[in-house]
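# Coordinate analysis (summary)
Residue strings, one per chain:
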Amino acid sequence: MIGSTLGGARARRSALLAVGLLTCFIAPAASAADCPGHPNALGTSRTLVVDPREHRLIGTMQYRETLPLADHEVVLTFDDGPLPRNSNKILEILGDQCVKATFFTIGNMARSSPEGVRKLRDAGHTIGTHTQNHPLNMKRMPLERAKQEVDDGIASVRATLGDDADAALAPFFRIPGLSRADGVEEYLGTLGIQVWSADFLADDWRHISSSRVYDLAINRLEAKGKGILLLHDIQARTVAALPRILETLKARGYRIVHVVPASPERPATPTEPQQWLLHPGPEAIAQWPEVPNFLFADVGRLPAPALPDFDHANEAPMLREASLLRPSWPEPAEPAPESATVTLAAPSGSLFEIQGNLDVALRSAAFASHHAQKVASSTRETGPKRLSRRESRRLASGREMHHARAAGRHAHRAEAAVSSQGTPPAATARRGPLKRLVQIKKKHA
Ligand SMILES: [Zn+2]
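## Considering the overall build of the protein chain
Across its full length, the protein chain holds 16 helices and 10 strands. In the protein chain, which comprises 445 residues, the share counted as buried stands at 47%. Put simply, 82% of the contacts in the protein chain that link residues at least 6 apart link residues at least 24 apart.

Laid out in C-alpha cells, this is it:
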C-alpha cells in the first residue's frame with residue numbers, strides 16, 4: 001500500500017516534471033495579457049516555490065546546489081538596497097517588463113528608506129535580507145557578532161513591513177561579499193533561512209561601464225545557460241544596463257523565474273534532487289580543456305580560500321574582502337611577480353570566473369582586468385617579449401630587465417584574454433595600501 005502510494009506519488013511527480021519541462025520549452029515567456037500596456041514585455045514565466053529547510057545553500061559560485069531551473073531560466077537578484085535614487089528606477093524597469101526578482105535588502109538601508117522596502121512588497125517582488133550593516137568580513141568576525149548582523153538586518157526590514165512582515169519577508173539571505181562561513185550558514189539554517197550565493201555576477205559594483213555590466217551578465221549567463229544573476233539595485237550602471245539585459249534575455253529566449261518561499265498554504269514546487277545541481281554543458285567543458293578538475297567536482301561547497309592552485313591563500317583578509325568592493329586595484333607600480341600569475345586558456349576566462357572559486361573570480365574581476373590591460377598597453381610601447389638589443393643592454397641591470405620580461409609575458413596573456421570574451425583570467429595577488437582599502441570599505445553601501 002505504502003509502496004503503491006509512493007509509486008503513485010513518484011509517477012505524479014514525474015508527470016508534473018514532464019509537463020513542467022514541456023511548458024518550459026514551448027511556452028512563450030509572457031503574453032501581452034500578462035503585462036498590460038507592455039506587449040513586448042519579457043514577463044515572468046513561472047513562480048518557483050522553494051523550501052529553505054530542504055535546500056539550505058544555493059548558488060554554484062559557492063555551493064553544490066543551485067535553484068532547480070530549466071535551461072534558459074534566469075532568476076534575477078538585487079543586493080544592497082533600497083537606495084531610492086536607483087532602486088526606484090530598477091523597480092520601474094522591472095515593472096515595465098513585468099519581471100519579478102528577489103531583493104536582498106540591508107537593514108540600515110531599509111531603516112533609511114522604509115518606503116523602498118514597501119515598494120518591493122507592493123510590486124510583488126521577493127524580499128530577503130543581507131545583514132544590518134553589510135560587513136564584509138563575516139567569515140572572520142566572532143560568530144556572535146555575525147549573528148547580530150543577521151538578526152538586526154531581519155529586524156530592520158521587518159520593521160518596515162509592519163504586520164505584513166511574516167508574509168512579505170522571505171527566509172532568504174545573502175552573505176555580504178559572499179564571505180561565507182560555516183558558523184553563519186549553520187546559524188541561518190537553525191533559523192530556517194536559505195543562504196543564496198549566485199551562479200554568476202556582472203561586476204556591477206566595480207567602476208566599469210554599463211555596457212561592460214551588460215556584456216558580463218549576458219556572457220556569463222550564456223556560459224551557464226541558466227542560473228541566479230547577482231546585481232545591485234543601488235548602482236546607476238545597473239540601472240543603465242538592465243533594460244538592455246532584459247531585452248536580450250527576451251530576444252534569446254530566456255525566461256524569468258520568480259522564487260518564493262514555501263509556506264503551509266503554498267507547498268514547494270515538486271522537484272527531483274538532481275534538478276538542484278547545475279551541470280555545465282559538454283560544450284562548456286570542451287571549450288576549456290585546461291579547466292581544473294575541482295571546478296566540476298561534486299563537492300559540498302567550494303570555499304573561497306581553499307584552492308591551492310592560487311597563490312593568495314595567505315593574503316591579508318582585508319585585501320581579499322576589499323577586492324569585492326574595489327572598483328579597480330591601485331595602479332600597480334610594477335608588474336606583479338610572474339609566480340603570482342595564474343594562466344588559463346583564454347576563451348575560458350568568463351566560464352572560470354563563474355564556475356570556480358569566488359575569490360579568484362572577484363579578484364580577477366577587481367584587479368586582473370585593469371592590471372593586465374595596463375601592463376599590456378605599457379608593454380606595447382616597449383614591445384612585448386622582443387626588446388631591441390640596445391634596450392636589452394639598457395635594461396640588463398637586474399630588476400628592470402626582470403620586470404620588462406614579466407611585463408611582456410603579462411601583456412601576451414592579457415591581450416589573448418582581452419581579445420576573447422570575458423574578463424582576463426589572470427589573477428594576481430597584490431597588496432594595496434591598507435589605509436585606502438579601509439576607506440573604500442567604509443564607503444561601500
Ligand atoms: Zn552586498
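## A few points about the nonpolar core
One finds Val74, Val75, Leu76, Ile127, Ala217, Leu229 and Ile245 to be the most contacted residues of the largest nonpolar core, which totals 71 residues. The residues touching Val74, leaving out its near neighbours within four places in the chain, are Leu221, Lys226, Gly227, Leu229, Leu249, Tyr254, Ile256 and Val257.

## Overview of unusual backbone geometry
In this chain, Gly81 is followed by Pro82 through a cis amide linkage whose omega measures 0°. The topology assignment puts Pro82 in the loop between strand S3 (73-79) and helix H2 (84-96). Even without a glycine there, the phi angle at Cys98 is positive, about 50°. Structurally, Cys98 is set in the loop between H2 and strand S4 (102-105). According to the C-beta neighbour criterion, Cys98 is partly exposed, with 19 such atoms within 10 Å.

## Some points on helix H5 (residues 143-161)
Each α-helix winds once per 3.6 residues, and so residues spaced three or four apart point in a common direction. Counted at 1.5 Å a residue, the expected span for H5 with its 19 residues is 27 Å, and the 27 Å between its end C-alpha atoms agrees. Residues Ala146, Glu149, Val150, Gly153, Ile154, Ser156, Val157 and Thr160 constitute the buried set of H5. Projection of H5 onto a plane perpendicular to its axis shows the buried side chains occupying an angular sector of 160°, all on one side. The outward face of H5, more than 90 degrees from its buried face, is lined by the exposed residues Glu144 and Arg145. The elements touched by buried residues of H5 are S4, helix H3 (107-112), helix H4 (114-122), strand S5 (126-129), strand S6 (169-173) and helix H7 (182-190).

## Some remarks on the packing of H5 against H7
The geometry of H5 relative to H7 is characterised by a closest axis approach of 10 Å and an angle of 45° between their N-to-C directions. One element, H5, and the other, H7, form an angle in the oblique class. Viewed along their axes, H5 and H7 form a crossing whose handedness is right-handed. In this structure, H5 uses Leu143, Ala146, Lys147 and Val150 to contact H7, whose residues at the interface are Gly183, Val184, Tyr187 and Leu188. Here the residues of the contact of H5 with H7 sort into six nonpolar, one polar and one charged.

## Section: the pairing of S3
In terms of burial, S3 is largely enclosed, as six of its seven residues are buried. Bridge count between S3 and strand S10 (residues 255-261): two bridges; the pairing is parallel. Paired with Glu73 across the strands is Arg255, a residue of S10. Examined bridge by bridge, S3 and strand S9 (residues 227-232) share six bridges and lie parallel to one another. Note on S9: the bridge partner recorded for Leu76 is Leu229. In this structure, S3 lies alongside S4, joined through three bridges in parallel fashion. Note that in S4 the partner of Phe78 across the bridge is Phe103.

## Some words on the pairing of S10
Along S10, five of the seven residues are buried, which leaves the element largely enclosed by surrounding structure. Pairing between strand S1 (residues 46-50) and S10: five bridges, direction parallel. Looking across to S10, one finds that Thr47 is bridged to His258.

## Here's the deal with the environment of Ser113
Tracing the backbone through its elements, the reader meets Ser113 in the loop between H3 and H4. Taking the C-alpha atoms as reference points, Ser113 and Pro82, separated by 31 residues in sequence, lie 6.4 Å from one another. If we skip the residues at most four places from it in the chain, Ser113 touches Pro82, Leu83 and Pro84.

## Observations regarding the packing of H2 against helix H9 (residues 236-251)
Across the interface, H2 lies against H9 with an axial gap of 9 Å and an inter-helix angle of 10°. Judged by the inter-axis angle, H2 sits roughly parallel to H9. Mapping the contact onto sequence places Asn86, Lys89, Ile90 and Ile93 in H2 and Ala236, Thr238, Val239, Leu242 and Pro243 in H9. Here the contact of H2 with H9 is built from residues that sort into six nonpolar, two polar and one charged.

## Examining the environment of His55
Structurally, His55 can be placed in the loop between S1 and strand S2 (57-58). Judged by the 19 C-beta atoms lying within 10 Å of it, His55 falls in the partly exposed class. A sequence separation of 138 residues divides His55 from Ile193, and the C-alpha atoms of the two residues are 9.6 Å apart. Ignoring anything within four residues of it in the chain, the contact list for His55 reads Val50, Glu65, Gln194 and Trp276.

## Some words on the environment of Val257
With respect to the helices and strands, Val257 occurs in strand S10. Through-space distance from the C-alpha of Val257 to that of Arg46 is 5.2 Å; in sequence the pair is 211 residues apart.

## What about the confidence of the model for the protein chain?
Residues shown with low pLDDT carry predicted positions that ought not to be read at fine detail. Scored by pLDDT, the protein chain has a mean of 70; 55% of the residues are at 70 or more. A low-confidence stretch, residues 395-445 (pLDDT under 50), is modelled with 125 contacts involving residues beyond four sequence positions or located in other chains.

## Some details on H4
Among the residues making up H4, those that are buried are Gly116, Val117 and Leu120. For H4, the angular spread of the buried residues around the axis is 100°, confining them to a single face. Relative to its buried face, H4 has exposed residues pointing more than 90 degrees away, namely Glu115 and Asp122. If you follow the buried residues of H4, they end up packed against H2, S4, H3, S5 and H5.

Thresholds applied
Residues numbered from 1 in each chain as written. Predicted model: local features only at pLDDT ≥ 70, side-chain atom pairs only at ≥ 80, totals over all residues. Helix = DSSP H or I, 4+ residues; strand = E, 2+ residues; numbered from the N terminus. Buried ≥ 20, exposed ≤ 12 C-beta atoms within 10 Å, placed from the backbone. Contact = placed C-beta atoms within 7 Å. Core = buried A, V, L, I, M, F, W, Y, C linked by C-beta atoms within 7 Å. Expected span 1.5 Å × (residues − 1). Arc of directions from axis to C-beta. Axes fitted to C-alpha atoms, helices over the stretch in contact; angles between N-to-C directions. Parallel < 35°, antiparallel > 145°, perpendicular 65-115°, else oblique. Left-handed = near helix turned anticlockwise from the far one by under 90°. Nonpolar A, V, L, I, M, F, W, Y, C, P; charged D, E, K, R; others polar. Pairing = 2+ DSSP bridges. pLDDT = per-residue confidence, 0-100.

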